Every structure is written in structure tokens, then in C-alpha cells.
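Working through the structure, step by step
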Amino acid sequence: MTVVGDDGLARPVWAATDPLLREYYDTEWGMPVRDERGLYERICLEGFQAGLSWVTVLRKRPAFRAAFAGFEPDVVARFDDGDVQRLLGDAGIIRHRGKIEATIANARATIALRDEGGLVDFVWRFQPSDTPRPRDFSEVPTVSPESVALSKALRRKGFRFVGPTTMYALMEAVGIVDTHLVTSHRRGSSGVWPD
């Protein structure tokens, strides 16, 4: 179900009230991310979101960017135990040792993938041949064969906090699949899945 806002545009309930979520939905969610830094950031933030609400991560995103050097893989890959301790003391981010260490490991794994064509090509090769066309939120999948395969492939490459559900959320967020409700004003806006 979508909700028509005061601007006359239809959005899902989750994006209809909070101004930050509304802005994110209208301008960013579901749009293709095809640069290494941007995709690395999204993978890490989706990992931080696991078990929490996305709005929590979104509100902390400026602090995450400051704490993790703008999510530049070459910089984050050099983080050491001292950086982990510093980050564990940073109240601006989600202070979870495993997720912080995963962000560092994911930077190193991102750099290693450059010899195989890079993170972007690696992730986007899991784009399915078709995308869901949900009419209601209950029809939006939370996992797919492709997200399971992506999760396994990333884990083999040394990535962490990249489970199948988290990777499906990533695929939605970066435009690999389009799970905008068919009644949403954003449906097909990515250009990847024109309807």
C-alpha cells in the first residue's frame, strides 16, 4: 500500500512520514550505484543496519562517513586495532565491534577484488533476469536466489556481515532489483528496470 503525500506523490508507508526517510526514498533508494566507494559504503552500512532500523543508520550516516574516512577503501584498509578502539568509543556511530571489524575487512576485500575487475562488476553480475512487481509491501521479497549467491560469493572473497537478507536489502538499495511498489511514483525510476 502506498500513501499519497502532501505533494501528491505516492510512497510506501515506511517512506511517507519521516522527512529523512522520505528524502532518501525520493532521491537515493533504488538508484544505481556503480562506483567502488559508493558500493563499498552501502555494503558496510547495510551490515551495520542488521538487527536495527534503517532510519537509525541513515541518521548516523554523516558520523559513519567521518569515522570511516568517507568510506575510502584504501584508507579504511589501513585501520588497525587503535582505530577499532577509537571507533568503539565514537558515540556518533553504531558501536559494534564485529561490524566495525567487518568494515575494515570489507575494505581490504574490496581492494583485493580490483585484480578481478572490481567490486562493482562483481556485485552487479548477480542482477537477476527479472525484478519483482509488488503491489503491496507483503509481496516484497526479503531474500532471493541471487542474494543467497551474492552473499556466498562475497564471503568467499573475505567480506563480512553480508548475509542473504542483508544482500537483498543492498540489491534493492542500489538498483539491482526494483522493489518499489507498482503504485509508487518511483517505480521504474532507476532506468535499470523500466516498466
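Residues numbered from 1 in each chain as written. Predicted model: local features only at pLDDT ≥ 70, side-chain atom pairs only at ≥ 80, totals over all residues. Heavy atoms only, no water.

With an unreviewed UniProt entry as reference, the protein is termed DNA-3-methyladenine glycosylase I, source organism Terracoccus luteus.

1. Some words on the overall build of the protein
Assigned secondary structure in the protein consists of nine helices and two strands. When its helices and strands are written in sequence order, the protein yields β-β-α-α-α-α-α-α-α-α-α. The globule rule puts the C-alpha radius of gyration for 195 residues at 16 Å, and the 17 Å found for the protein is close to it. Its C-alpha atoms give the protein principal-axis dimensions of about 50 × 35 × 25 Å. Within the protein, the proportion of its 195 residues that are buried is 50%. Considering only contacts in the protein between residues 6 or more positions apart, those separated by 24 or more positions represent 66%. With an accessible surface of roughly 8900 Å², the protein has 53% of that area assigned to carbon and sulfur atoms. One way to put it: in the protein the 26 positive side-chain charges average out to a point 3 Å from where the 27 negative ones average out. (Helix = DSSP H or I, 4+ residues; strand = E, 2+ residues; numbered from the N terminus. Rg over C-alpha atoms; globule rule 2.2 N^0.38 Å. Buried < 20%, exposed > 50% of the residue type's maximum accessible area, 1.4 Å probe, protein only. Contact = heavy atoms within 4.5 Å. Areas by Shrake-Rupley, 256 points an atom, 1.4 Å probe, with all protein chains shown as cover. Lys, Arg positive; Asp, Glu negative; His and termini not counted. Charge placed at Lys NZ, Arg CZ, Asp CG, Glu CD.)

2. A closer look at the packing of aromatic side chains
Tallied over the full model, the rule gives 11 aromatic pairs. Judged by centre distance (5.6 Å) and plane angle (40°), the ring pair of Y24 and W54 falls under tilted. Of this pair, Y24 sits in helix α1 (residues 19–27) while W54 is found in helix α3 (residues 54–67), placing the two residues 30 residues apart along the sequence. Summarising the burial analysis for this pair, Y24 and W54 share the class buried. With a centroid separation of 5.9 Å and an interplanar angle of 65°, the aromatic rings of Y40 and F71 are classed as edge-to-face. A residue pair is termed long-range when its members are at least 10 positions apart, and Y40 in helix α2 (residues 36–49) and F71 in the loop between α3 and α4 (73–76) qualify at 31 residues. Among the aromatic side chains, those forming a connected cluster through ring pairs are Y40, F48, F64, F68, F71 and F79. Against the face of F122 rests R125, its NZ or CZ located 4.4 Å from the ring centre. (Phe/Tyr/Trp six-rings, centres within 6.5 Å; stacked < 30°, edge-to-face > 60°. Lys NZ or Arg CZ within 6 Å of the ring centre and 35° of its normal.)

3. Considering the pattern of salt bridges
Counted according to the given criterion, the structure contains 16 salt bridges. With a closest N to O distance of 2.7 Å, R61 and E28 form a salt bridge. Here R61 is found in helix α3, whereas its partner E28 is found in the loop between α1 and α2, with 33 residues between them in sequence. The pair R61 / E28 is uniform in exposure class, with both members buried. (Salt bridge = Lys/Arg side-chain N within 4 Å of Asp/Glu carboxyl O.)

4. Digging into helix α9 (residues 164–173)
Every α-helix winds through 3.6 residues per turn, so residues three or four apart in the chain are directed the same way. Of all 10 residues in α9, eight are buried, a share of seventy percent or more. The secondary structure elements touched by the buried residues of α9 are α1, α2, α7 (119–124) and α8 (145–156). Following α9 by one or two positions, G175 has its phi on the positive side, about 85°.

5. A few points about the packing of α2 against helix α6 (residues 97–113)
Contact geometry of α2 with α6 gives a least axis separation of 10 Å together with a crossing angle of 155°. Considering their axes alone, α2 and α6 lie roughly antiparallel with respect to each other. Crossing angle aside, the handedness with which α2 passes α6 is right-handed. Taking contact as the criterion, the partners of E36, Y40, I43, C44, G47 and F48 in α2 are, on α6, K99, I100, T103, N106, A107 and T110. (Axes fitted to C-alpha atoms, helices over the stretch in contact; angles between N-to-C directions. Parallel < 35°, antiparallel > 145°, perpendicular 65-115°, else oblique. Left-handed = near helix turned anticlockwise from the far one by under 90°.)

6. Some points on the environment of L181
Counting through the fold element by element, L181 comes out in the segment after α9. Spatially, the C-alpha atom of L181 lies 42 Å from that of Q85, the residues being 96 residues apart in sequence. Not counting chain neighbours up to four residues away, the residues in contact with L181 comprise M1, T2, P12, P134, R135, D136, F137, V140 and R187.

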